[in-house]
Amino acid sequence: MKLKYLITLLFVVYYTNSHSQTTILDSVSKKGVSFATISFGNGNGLFAAEDGSFYFTKKLYSDIDSLYISALGYKDTKLASSSLKDTLYLTPQSNVLDEVIVTAKPTGKFKEVTLKPTDHNDYYKCWLPTIESEIAVFFPNTDSKPKHLTKVLIPIKTEAKDWKKRSKSKQAKRPFSTLFRVQFYDNNNGLPGDVLTYEKAVFIATENTKPVFEFDVSGFDIFIPKEGIYVSVQVLGFTDKNGKLLPNKKYKEIKTRRGIVKVSTTFRPLLPFTDQINQKNTFVKRVFHNNGQWVLFDKQNINNSNLLNAGLNNYGMGLKMAVYKE
């Protein structure tokens, strides 16, 4: 185990010292733009760290000529990879997030309501998260009462149920530290639409995280719109022991007889899918493909999915909310 940590550390040190770093800054505040998306235009890409930094060189990405930079609340930027400098500025959108839900916070008595998550322990009925994928769950609004979202209940699975049998060490689980982003969207004709907050909503999952992670979002002042809300989870990559996002490639290059094959990099923990929800309420998008268009997770839109073939149509996310009187 120590040898594994040493190899990982040496790789990170080599990577950060021998590759060019660029930092994405807000052109007005000069602060780092956290977790900006850097697309390569060929279905691949990466994310900036919390301070806006990322690593890119022609040696590492020899076939990439252009970069497409985007982040919530900023104008998209395209530039040639050959002109990439140490610092890159993004311009904030002039029409920053409108008040789309309420104009004043409700007061008075409220009732705490929980929409229970659906989880399980079957390793083979789980989504294998990749950097390119974002998963959103739709929650309808059933009445006109103001509903303040307080927690997102996120089912995860850290290990296979037979990990002790397969692991050389039966004393501890395999360590990992994965950064997730949570985002909130309004309902745009049955698909995730505009974002409801530009607040940075991220959390880290490790091998010791509970099977249902309770992510506190009470400070974001998110109220569920009358047409319902979409809540999404997305892997940003592995982190170091201090929670800083590491350089994560979304694919591994494997040598075969037919040449180099790119295989998507998967990240722990896994996300349990279920057949216990009647309505199809789960949507997915590939961040670096098709302009990040959302589709319903079903067989009409997704080909060759083992989860769908097994009848597992939904990710069983849950919510906690404060429901106020009329």
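Not measured: the values here are computed from a predicted model.

Turning our attention to the nonpolar core. A general feature of soluble globular proteins is that nonpolar side chains tend to end up buried together. With 46 residues, the main nonpolar core has Val152, Ile154, Val182, Phe184, Ile229, Val231 and Tyr315 as its most contacted residues. Elements supplying a minimum of two residues to this core: β10 (133–139), β11 (147–155), β12 (177–188), β14 (202–206), β16 (229–238), β19 (271–274), α3 (306–309) and β23 (318–324). By residue number, the principal contributor to this core is β16, which donates five residues. Dropping the residues within four chain positions of it, tyrosine 315 is found in contact with Ile135, Val137, Ile154, Pro155, Val233, Leu271, Pro272, Phe273 and Thr282. Core analysis: the second largest hydrophobic core is formed by 19 residues, Ile38, Phe56, Ile69 and Leu79 among them.

Counted according to the given criterion, the structure contains seven salt bridges. With a closest N to O distance of 3.2 Å, glutamate 214 and lysine 151 form a salt bridge. Linking glutamate 214 in strand β15 (residues 212–216) with lysine 151 in strand β11, this pair joins segments that are 63 residues apart in sequence. The shortest N-O distance in the salt bridge between glutamate 214 and lysine 320 comes to 3.7 Å. On the criterion of sequence distance, the pair formed by glutamate 214 in strand β15 and lysine 320 in strand β23 is long-range, its members being 106 residues apart. According to the relative accessible area criterion, glutamate 214 is partly exposed, its value standing at 37%. Residue classification places lysine 320 among the partly exposed positions, given a relative accessible area of 25%. A single network of salt bridges, built from pairs that share partners, joins Lys151, Glu214 and Lys320.

Looking now at the pairing of β12. Two faces, one strand: in a regular strand the side chains alternate between the faces of the sheet. With ten of twelve residues buried, β12 is to be regarded as a mostly interior element. Note that β12 and β14 share five bridges and pair antiparallel. When the bridges of β14 are listed, leucine 179 appears paired with isoleucine 204. Pairing of β12 with β16 involves eight bridges; the strand directions are antiparallel. The residue bridging glutamine 183 from the neighbouring strand is serine 232, located in β16. As paired strands, β12 and strand β13 (residues 191–195) are joined by three bridges and run antiparallel to one another.

Summed over all chains, the structure comprises 18 aromatic pairs. Considering the side-chain rings of phenylalanine 273 and phenylalanine 297, the 5.3 Å spacing of their centres and the 70 degrees angle between planes classify their relative orientation as edge-to-face. Note that phenylalanine 273 is positioned in strand β19 and phenylalanine 297 in the loop between β21 (295–296) and α3, a separation of 24 residues in sequence. Taking the relative accessible area as the measure of exposure, phenylalanine 273 reaches 0% and is therefore buried. Owing to a relative accessible area of 1%, phenylalanine 297 belongs among the buried residues under this scheme. Among the aromatic side chains, those forming a connected cluster through ring pairs are Trp127, Phe273, Phe297 and Tyr315.

Here is what the cut-offs are and how they apply
- Residues numbered from 1 in each chain as written.
- Predicted model: local features only at pLDDT ≥ 70, side-chain atom pairs only at ≥ 80, totals over all residues.
- Heavy atoms only, no water.
- Core = buried A, V, L, I, M, F, W, Y, C linked by side-chain atoms within 4.5 Å.
- Buried < 20%, exposed > 50% of the residue type's maximum accessible area, 1.4 Å probe, protein only.
- Helix = DSSP H or I, 4+ residues; strand = E, 2+ residues; numbered from the N terminus.
- Contact = heavy atoms within 4.5 Å.
- Salt bridge = Lys/Arg side-chain N within 4 Å of Asp/Glu carboxyl O.
- Pairing = 2+ DSSP bridges.
- Phe/Tyr/Trp six-rings, centres within 6.5 Å; stacked < 30°, edge-to-face > 60°.

No statement about biological role is implied by the geometric values presented.
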